[in-house]
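# Structure assessment
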Amino acid sequence: MASNARSAALEAAREEELLRGRPYAVMRALRSTVTELWSDKAGMFGVFVMLVMLVIAIFAPLIAPYGPDEQSLFDRLQSPSADHLLGTDQLGRDVLSRVIYGSRVSLQVGLAVVALAGTFGVLMGLVAGYRGGRTSSFIMRWVDTQVAFPGLLLALVILSVVHPSLKAIIIVLALNGWMVYARITRGIVLSTRERPYVEAAELAGCKSRRVIFRHILPNLASPLLTLAVLEFARMVIAEAALSFLGLGTQPPAVSWGLMIAEGRDYLASAWWVITFPGVALSLTVLGANLFASWMRITADPLQRERRFARATTDPSAVAR
Amino acid sequence: MPSLTNVSSPPRGSSDSLAEPLVRVEELTVRFPAGRAGFWGQEKLYLHAVEGVSFEIGRGETLGLVGESGCGKTTTGRAILRRVPLDGGRITFDGEDITHVEGESLRRLRRGMQLVFQDPYASLNPRLRVLEIVAEPLLVHGVVGRVRHAEDRVAELLELVGLPPEHMFRYPHAFSGGQRQRINIARALSLEPDFIVADEPVSALDVSIRAQVVNLMQDIQERLGLTYLFIGHDLSVVRHISHRIAVMYAGKIVEIGDRDEIYEDPKHPYTKALLSAVPIPDPKLEATRKRITIAGAFPDLLRPPSGCRFHTRCPIAIERCAHEEPPLEEKARAHHAACWLT
């Protein structure tokens, strides 16, 4: 009897296992994620902002009422109205359309820089963490040297020499941003290497590649994802700063930083020219930060379990 | 797939070596480099973790290894598994000299010897499910091609260690300390090793759970004919599971012998002091119990004491102990101790 009940339980568990990843299981997982998100309002806001930005950037030509560089000198510096929801700038271009098109640059720069700097930084951190010794000292001293050098200065120097194209901006910002990934990766590798479960894997006979990818790398996923989102926000700001200084996106193209730079002469008379790109920038950065803090918990099974336990026992405690 | 539960005796290994001990350790020495001393760093320092340790463990036997923290118990266990670099000595496993085995053959060798960890919380990867954890040794040694093919075997192993097999799809954090230690044992058993080093497997557990896990280990030993090196500092637990016991102090074995011999007639003053520290579960007897307290602190293993390493704290030390090191001599039948005075 008892063994029958037992094998039935095993069968049930197996069946459930088999159904993992099937469409309805995916739907269920999705629904549970949404429910989870619903209970964390700040995280939901973050995810919402990021999704909206993604949609706007991809479908900019469909959403924007005017072209980004459609000038109409008769309609210069008009305040927000039904025709121009967010007003027009000093050349009579629609601010709303320009903000919408500007999100493309921000998104492109942010994603590309994070991908480039992240890959290089994580690779360097892994090498430093594993090899240790001289390799590690060399890489980490290189990191220290670069961190000690003011990033914006380096970017300005390079961009004043080469032509500031989108590609150049991305490379320059990645050059500035990879160090933090290397540091975090190395730290985590060093601490996970000493974990008993890594020793257990080695004693079980795992080869080092398996130990690295199966047992050490997953520990990096949660902190690195969080870091990547935060870095995304930082890079959006950095691109805006470079454009504001005139060494980023160049005039016929649109970028939030450039819009702020161009509009600052009209701050007293036409506040909308500078305010709306500023708001878009702030919202994006805020959203990315909230998204990152939600992700930090969601990507870590242990933290996630804790949050779930808290939510089920004390619904009012979720916000904490 | 051979069923685990029906294996009665250990018929593996060369049949003519049944009288031969499974594990033989001779003059094992482990020193860890510990930086440099002196103004110019001219003196290289070594931590003398294990110094000239020798013992044998017969098939199906449990050798208990006791001593205070830092005495080299864990290092000895890791050295036999070839996890720490040796500075001297010889290790023989199943009639084969494994002192210098490296690389791929070392990896294969580890199929025969496994470790059960002290901390059941840290020794299971929190991101893998029990199935993946227990099946990993099978996978990396090519016993199974994919984790899915190991399900039956893992179910069997979980049953063997007293866990419901359907729990194999759960993550470690869903289990208590005692259950995790069972998972640990299941993982160690998955490759059907002959020899298991248990490094304080119950000291991180709740007192009420310890007996369960120790009894489980004993039970499995009987069923599978395993050989244990059981490292511990809880003397009553070690007494319960061991056939023979070795007492270590400052990297050396000071006494080794049959369990009852050691507990009833300890020869070495350190063993006597250790045993007198075990509380008696009877308040009246406990009140009249005479404890031998040893003064002083554990010696600095960077510069171990001359002569007998225990002479700095020994209540009965004489002049000779400070200069000459006592050999490990047979003081009674199958009972060796290293002391000039007994």
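Residues numbered from 1 in each chain as written. Chains lettered and ligands numbered in written order. Predicted model: local features only at pLDDT ≥ 70, side-chain atom pairs only at ≥ 80, totals over all residues. Heavy atoms only, no water.

## A few points about the sheet that holds strand S1 (residues 23-37) of chain B
Residues and elements named next belong to chain B. Basically, it comes down to this: Here a strand pair is declared whenever DSSP counts at least two bridges between the two strands. Helical segments are the DSSP runs of H or I of at least four residues, strand segments are the runs of E of at least two, and each set is numbered from the N terminus. Whether two residues are in contact is decided by their heavy atoms: any pair within 4.5 Å suffices. Every axis corresponds to a line fitted to the C-alpha atoms, with the helix fit spanning only the stretch in contact, and the corresponding angles, defined between N-to-C directions, vary from 0 to 180 degrees.
Reading across from one edge, S2-S1-S4-S5 is the order of the 4 strands in this open sheet, with antiparallel pairing throughout. Only two strands of the sheet have a single neighbouring strand rather than two, namely strand S2 (43-57) and strand S5 (96-97). As paired strands, S1 and S2 are joined by 10 bridges and run antiparallel to one another. Paired with alanine 37 across the bridge in S2 is glutamate 43. Helix-sheet contacts for helix H1 (residues 73-80) involve S1, S2 and strand S4 (88-93), and the interaxial angle to S1 is about 115°.

## Description of the packing of helix H8 (residues 166-193) of chain A against helix H10 (residues 208-244) of chain A
All names here are of chain A. Condition: Note on terminology: angles under 35 degrees are roughly parallel, angles over 145 are roughly antiparallel, angles of 65 to 115 are roughly perpendicular, and the others are oblique. Throughout, a crossing is termed right-handed when the near helix is turned clockwise from the far one, and left-handed when it is turned anticlockwise from it by less than a right angle. Just so you know the grouping, Ala, Val, Leu, Ile, Met, Phe, Trp, Tyr, Cys and Pro go in nonpolar, Asp, Glu, Lys and Arg go in charged, and all remaining residues, Gly too, go in polar.
Here H8 crosses H10 at 155°, and the two axes come no closer than 10 Å. On the basis of their axis angle, the class for H8 and H10 is roughly antiparallel. Note that H8 runs across H10; the crossing there is right-handed. Taken together, the residues that form the contact of H8 with H10 break down as 16 nonpolar, 6 polar and 4 charged.

## Re the sheet that holds strand S10 (residues 252-258) of chain B
Residue and element names in this part refer to chain B. With mixed pairing, 8 strands are arranged side by side in an open sheet as S6-S7-S8-S3-S9-S10-S12-S11. For this open sheet the edge positions go to strand S6 (113-116) and strand S11 (329-332), each flanked by a neighbour on one side alone. When strand polarity is set aside, the average angle formed by the axes of neighbouring strands in this sheet is 25°. Sheet strands touched by H1: strand S3 (62-66), S6, strand S7 (195-199), strand S8 (227-232) and strand S9 (244-249). Its angle to S8, the strand with the most contacts, is close to 155°. Packed on one face of the sheet, helix H9 (residues 269-276) meets S9 and S10 and runs near 105° to S9.

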